[in-house]
Amino acid sequence: METSGGGIQASLGGRYASALFGLARDAKTIDQVEASLNAVRDALQQSDDFRTLTTSPMIARSQAAKAVLATADSLGIDATTKNFLGVLAENRRLGQLPQIVRGFRDLASRHRGEASAEVTSAHPLTDDQVIELKQQLRQRVGREVNVDLSVDPQLLGGLVVRIGSQMIDSSIRTRLNALASAMKG
């Protein structure tokens with residue numbers, strides 16, 4: 001099954017994601033690497049220090065590599081992902097992590113025959129809401145949908161769903177902005 005699409009490989013983060021996916025597929029560790037990348041993504045969202053470590057040009061390569069490997073150990077990251085993070089640090093590519101995580105998730109979903117959707121809501125969704133959302137998305141795209149959830153309080157309410165290049169924006173913020181534009185016009 002061909003899993004590396006041209007769109008994903010077009011960006012630098014996409015090329016790294018494809019390389020990591022190839023390693024994980026060969027080692028039969030796709031699920032472990034995906035779980036590790038999710039932990040890294042969560043750490044980026046929750047820790048200002050970790051985010052600074054991955055984006056600051058002021059941190060020397062060797063310091064960044066040591067710090068990211070220590071963080072990987074504390075997060076319980078698998079060996080493949082830990083080695084990969086070390087390579088990113090040495091190549092000064094840690095800033096690409098969000099794109100790499102997204103690209104890897106897309107490749108893993110396609111490999112499993114699923115569609116992948118990024119869902120942003122104003123408030124955390126309940127388990128029942130997630131189940132209902134997955135059913136609606138499955139009906140829309142015609143196959144199982146792997147949902148990646150995040151919260152953005154600035155949406156005020158509603159959802160923003162991205163499946164590949166398609167975006168469904170039912171957020172209250174967007175509706176208010178549209179209403180404000182219509183009133184000006």
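Use the structure listed above.
Described below are features of the structure shown in this document. All of these numbers come straight from a predicted model, not from anything done at the bench.

Before going further, it helps to examine unusual backbone geometry. The backbone of Lys-28 sits at a positive phi, close to 55°, despite the residue not being glycine. Summarising the element assignment, Lys-28 is placed in the loop between α2 (12-27) and α3 (30-46). A positive phi is found at Leu-156, a non-glycine position, where the angle reads about 75°. Looking at the element boundaries, Leu-156 is found in the loop between β2 (145-151) and β3 (159-163).

As enumerated under the stated definition, the model contains eleven salt bridges in all. Lys-82 is the salt-bridge partner of Asp-73, the closest N and O atoms lying 2.7 Å from each other. Taking relative accessible area as the criterion, Asp-73 reaches 49% and is therefore assigned partly exposed. One salt-bridge network, in which partners are shared between bridges, spans Asp-31, Glu-34, Arg-112 and Glu-114.

Conventions used here
What you see as residue numbers is a count from 1 along each chain, following the sequence as written. Only residues with pLDDT of at least 70 are given local features in this predicted model, and only at 80 or more are side-chain atom pairs given and counted; all residues enter the totals for whole chains, interfaces and linings. With hydrogens and water stripped out, all remaining heavy atoms of the structure feed into the side-chain values. Each helix is a run of DSSP H or I of at least 4 residues and each strand a run of E of at least 2, with the numbering of both proceeding from the N terminus. Criterion for a salt bridge: a side-chain nitrogen of Lys or Arg within 4 Å of a carboxyl oxygen of Asp or Glu. A 1.4 Å probe rolled over the protein chains alone gives each residue an accessible area, and that area as a share of the maximum for its type sets the label: buried under 20%, exposed over 50%, partly exposed in between.

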